[in-house]
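Here's the letter readout for the chains.
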Amino acid sequence: MEIAKLSEMDRHDIQKISDDVFVMPTETVYGLAARIDREDALKSIFRIKGRPSDNPLVVHVSSLEMLRNLIAGDIPDEYQKLIESFWPGPLSLIFRCKGSVSMTVRGGVMDTLAIRMPKSETLRNLIDRIGVPLAAPSANTSGRPSPTTVEHAMDDLGDKVPFYIDGGPCEVGLESSIFGILESGYVLLRPGSITREQIERTIGSPISVRTKANDGEVARCPGQKYRHYSPSSPVYLFQGERWQENMRAIRVENKNKKIGIMRLQGLEYDIDFEYSYNLGLDKKECSRNIFAGLRLLDKNCDMIFVRGFDLCDEGLAIMDRLDKAASFVIE
Ligand code: TXA
Ligand code: MG
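This one's a predicted model, so the numbers in the text were calculated from it and none came from an experiment.

Colleague: How would you explain the pairing of strand 12 (residues 235-238) if you had to name every residue and give the values?
Modeller: Burial along strand 12 is two-sided: the residues Val 235 and Leu 237 and Tyr 236 and Phe 238 are all buried. Inspection of the sheet shows strand 12 paired to strand 15 (residues 303-307) by 4 bridges, in the parallel sense. Bridged to Tyr 236 within strand 15 is Phe 305. Two strands pair when backbone bridges link them, and strand 12 and strand 16 (residues 328-330) are joined in this way by 3 bridges, in the parallel orientation. Bridge pairing links Leu 237 to Val 329 in strand 16.

Next up, the structure:
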């Protein structure tokens, strides 16, 4: 496998990534990428990740012109406002797409595409030089936490990917927010660092949040059918007022186990843990560190403890990921 820095990608490197899959850095998480006009490379994404073929990919564009070439019809007014406020950045929007867009990207069934414009100017320049949008899901093995450093992606995918682009640790650390205007109205399909509150303020209307496929309902976001982000050591998510007592009780029941705690900086626990991972001072920092923390504690511990967050602002996205990672929710 080969590795190059994002800022040092030259003509020869671009040639190498043109026909095959590669790992690329974005501000959210690392992606396993391929040009949307390379069918073999697109199929490799699903094979390498072990991803079900009906789970569509996010498409990355570098300009509005590239966006217009993909979509059917005009950009809705609400999206126009969101694009002005949050692009380039960690917000994917669901558009009706042209029939010519590869069915592989669309998970074989959708007539829509999730599209975003990544924040890094260097990455957008790279997409510009390639001249074609890039499809990229997160560069983890399906079921593992998303990678926020190139090392995480290498740990999961190793030699299966011939080329890795290193852009340093991801600034946001959680996958993009996904918002769509669906038949049922305005829906946040995946919460992220662009928050529900920010989207509502920008379009001037309330939106609904549908982060879990409801029973008996066809999943609009097919990814919702599959279990995500699970480390192999069980994650215990503590909610409610008795969180500290409950933590202590489970600690005592498991006195021979190595327990790791993911904690907010400054929050004191009078419980002994073998490992302590500092998530940071506020929800923004916690978002950035949560996947790295899960990976690190997973390597070193038998059990992972974390206290729940409130659902305001970035809390909704953090709790969505913790809920998906948790084997046990203790209330
Ligand atoms: O931040 C991100 O979005 C990262 C980076 C690499 O850009 N990508 C990412 O991709 O998280 P992935 O494949 O791990 O998650 C994409 C989610 C999936 O849950 C998928 O089901 C949903 O987007 N999705 C894709 N196309 C869709 C569509 N047309 N309608 C509804 N959901 C869609
Ligand atoms: Mg993913």
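Once you've had a look at it, read on.
Colleague: Provide a residue-level description of the site of ligand 1, including the pertinent values.
Modeller: As a matter of local geometry, ligand 1 sits amid 26 residues, with Thr 28, Arg 51, Asn 55, His 60 and Ser 176 nearest to it. Between Arg 116 and ligand 1, the recorded distance is 3.0 Å, taken from a side-chain N or O atom to an oxygen atom. Among the secondary structure elements, those contributing two or more residues to the shell around ligand 1 are strand 4 (58-60) and strand 6 (112-116). With 4 residues, strand 6 is the single largest residue contributor to the shell around ligand 1.

Colleague: Break down the packing of aromatic side chains for me, citing the residues and quoting the values.
Modeller: Summed over all chains, the structure comprises 9 aromatic pairs. Plain terms: the ring middles of Tyr 79 and Phe 95 are 4.9 Å apart, the flat faces sit at 75° to each other, and that makes the pair edge-to-face. Of this pair, Tyr 79 sits in helix 4 (residues 77-86) while Phe 95 sits in strand 5 (residues 91-96), and the two are 16 residues apart along the sequence. By the burial criterion, Tyr 79 is buried, and Phe 95 matches it. When the centroid spacing of 5.8 Å and the interplanar angle of 75° are considered together, the rings of Phe 273 and Phe 305 count as edge-to-face. Of this pair, Phe 273 sits in the loop between strand 13 (259-264) and strand 14 (275-280) while Phe 305 sits in strand 15, and the two are 32 residues apart along the sequence. With respect to class, Phe 273 is no different from Phe 305; both count as buried. Here the aromatic cluster, defined as three or more aromatic residues joined through ring pairs, consists of Tyr 236, Phe 238, Trp 243, Tyr 269, Phe 273, Phe 305 and Phe 328.

Colleague: Which residues make up the nonpolar core, and what values do they have?
Modeller: Counting 72 residues, the largest nonpolar core has Trp 87, Phe 95, Ile 115 and Phe 179 as the members making the most contacts within it. Setting aside anything within four residues of it in sequence, one finds Phe 179 in contact with Tyr 79, Leu 82, Leu 91, Ser 92, Leu 93, Ile 94, Tyr 186, Val 187, Leu 188, Ile 199, Ile 203 and Ile 207. Counting residues in hydrophobic clusters, the runner-up holds 22 residues, among them Leu 174, Val 235, Leu 237 and Phe 309.

Colleague: Please set out the pattern of salt bridges residue by residue, giving values where relevant.
Modeller: Across all of its chains, the model carries 22 salt bridges by this definition. Here Arg 116 makes a salt bridge to Glu 27, at a shortest N to O gap of 2.9 Å. With Arg 116 in strand 6 and Glu 27 in the loop between strand 2 (22-24) and strand 3 (31-35), this residue pair connects regions lying 89 residues apart in the sequence. Across the salt bridge formed by Asp 270 and Arg 248, the nearest N and O atoms sit 2.9 Å from each other. You can see Asp 270 sitting in the loop between strand 13 and strand 14 and its partner Arg 248 sitting in helix 8 (residues 243-253), a full 22 residues away along the chain. On the basis of relative accessibility, which here comes to 57%, the residue Asp 270 falls in the exposed class. Each of Asp 19, Arg 35, Asp 37 and Arg 38 takes part in salt bridges that share partners, so that together they form one network.

Colleague: Explain the environment of Ala 34 residue by residue, including any values.
Modeller: Within the secondary structure, Ala 34 is located in strand 3. A C-alpha to C-alpha distance of 7.7 Å links Ala 34 and Ile 45, two positions 11 residues apart in sequence. Excluding its chain neighbours within four sequence positions, the residues that come into contact with Ala 34 are Val 21, Phe 22, Ala 41, Leu 42, Ile 45, Pro 133, Leu 134 and Ala 135.

The rules behind these values
- Residues numbered from 1 in each chain as written.
- Chains lettered and ligands numbered in written order.
- Predicted model: local features only at pLDDT ≥ 70, side-chain atom pairs only at ≥ 80, totals over all residues.
- Heavy atoms only, no water.
- Buried < 20%, exposed > 50% of the residue type's maximum accessible area, 1.4 Å probe, protein only.
- Helix = DSSP H or I, 4+ residues; strand = E, 2+ residues; numbered from the N terminus.
- Pairing = 2+ DSSP bridges.
- Near = heavy atom within 4 Å.
- Polar contact = N/O pair within 3.5 Å; in protein donor to acceptor, adjacent residues only side chain to side chain.
- Phe/Tyr/Trp six-rings, centres within 6.5 Å; stacked < 30°, edge-to-face > 60°.
- Core = buried A, V, L, I, M, F, W, Y, C linked by side-chain atoms within 4.5 Å.
- Contact = heavy atoms within 4.5 Å.
- Salt bridge = Lys/Arg side-chain N within 4 Å of Asp/Glu carboxyl O.

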